[in-house]
Amino acid sequence: MAFVLPLLSACGYNTIPTQEEKAKAAWSEVLNQYQRRADLIPNLVETVKGYASHEKETLDAVVEARAKATQMTLPPDVLNDPAKFKAFQDSQANLTSALSRLLAVVENYPELKANQNFLALQAQLEGTENRIAVARRDYIEAVRVYNTTLRTFPSILWAKLWFTDAQPLPNFTVPEDKLQAPKVNFN
């Protein structure tokens, strides 16, 4: 039996759990960036409120979208439940859409665009959106590697024999209505 252990270490037995953990770590980074965005939004909304109080509908939409996105509790098995994963994705997509509308409204307020607090918050938010995109890209790649590992030789043997509960992880999808750029109307 002792002579079999060195052979097992080089045959890919650890590949499935290693790739699964990488995908889970990438997912954690996605969640981390979504939380960073959620933490920035109240400051951004309060700054805009000071200048654009009559844009209540847009501000309320951002606040509501943030509330929905942050209220959603994610169970540890969210990556194994396509419905929960989709609901989480949808809430984040709605928040992204509301933020896009808010930033479009800001174009009407030159004094707000010149405010240093707003500019700093906007830069942080833009940076966070970029970080979210990078984190999602990294998660997508980790899922691709993990899901491919489950389907290729020799890992498929380990999946069928020892890792029978290993399932492909879900990837991000974009709803059809979110593929369109938001329409901005200043009338």
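Below is a short write-up of the structure. Remember, it's a predicted structure, so these values are computed and weren't measured experimentally.

### Regarding the overall build of the chain
Right, on to step 1. What the chain contains, in helices and strands, is seven helices and zero strands.
Right, on to step 2. When the elements of the chain are put in sequence order from the N terminus, they spell out α-α-α-α-α-α-α.
Right, on to step 3. The 187 residues of the chain split such that 35% are buried.
Right, on to step 4. Put simply, 78% of the contacts in the chain that link residues at least 6 apart link residues at least 24 apart.
Right, on to step 5. Counting only carbon and sulfur atoms, one obtains 55% of the accessible surface of the chain, whose full area is about 11300 Å².

### Notes on the pattern of salt bridges
Right, on to step 1. Overall, the coordinates contain seven salt bridges when judged by the stated rule.
Right, on to step 2. Between K68 and E64 there is a salt bridge, and its shortest N-O distance comes to 3.0 Å. Pair noted here: K68 and E64 are both in helix α3 (residues 56-71), with a separation of four residues, about one helical turn.
Right, on to step 3. Judged by relative accessible area, which is 45%, E64 ranks as partly exposed.
Right, on to step 4. Linking R144 and E141 is a salt bridge whose minimum nitrogen-to-oxygen distance equals 2.5 Å. Pair noted here: R144 and E141 are both in helix α6 (residues 116-151), with a separation of three residues, about one helical turn.

### What to know about the packing of aromatic side chains
Here the distance between the centres and the angle between the planes together describe a pair of aromatic rings.
Right, on to step 1. Scanning the model with the defined rule gives 12 aromatic pairs in all.
Right, on to step 2. When the ring of W27 is compared with that of F85, the centres are 5.2 Å apart and the planes differ by 40 degrees; the resulting orientation is tilted. Of this pair, W27 sits in helix α2 (residues 15-51) while F85 sits in helix α4 (residues 82-106), placing them 58 residues apart in sequence. Neither W27 nor F85 differs from the other in exposure class; each is buried.
Right, on to step 3. Pairing W158 with W162 gives two aromatic rings, centres 4.9 Å apart and planes at 35 degrees, and the pair type is tilted.
Right, on to step 4. Members of the aromatic cluster, joined through ring pairs, are W27, Y34, F85, F88, Y139 and F172.

### What to know about the nonpolar core
Right, on to step 1. Ranked by internal contacts, the top residues of the largest apolar core, which has 23 residues, are I16, W27, V30, L79, Y139, L169 and F172.
Right, on to step 2. Where this core is concerned, the elements lending two or more residues are α2, α4, α6 and α7 (155-161).
Right, on to step 3. Those residues in contact with V30 that sit more than four places away from it in its chain are A135, R136, Y139 and F172.

### Comments concerning the side chain of T128
Right, on to step 1. Mapping T128 onto the fold places it in helix α6.
Right, on to step 2. Excluding residues within four positions of it along the chain, T128 makes contact with Q33, R36, R37 and L40.

Conventions used here
Residues numbered from 1 in each chain as written. Predicted model: local features only at pLDDT ≥ 70, side-chain atom pairs only at ≥ 80, totals over all residues. Heavy atoms only, no water. Helix = DSSP H or I, 4+ residues; strand = E, 2+ residues; numbered from the N terminus. Buried < 20%, exposed > 50% of the residue type's maximum accessible area, 1.4 Å probe, protein only. Contact = heavy atoms within 4.5 Å. Areas by Shrake-Rupley, 256 points an atom, 1.4 Å probe, with all protein chains shown as cover. Salt bridge = Lys/Arg side-chain N within 4 Å of Asp/Glu carboxyl O. Phe/Tyr/Trp six-rings, centres within 6.5 Å; stacked < 30°, edge-to-face > 60°. Core = buried A, V, L, I, M, F, W, Y, C linked by side-chain atoms within 4.5 Å.

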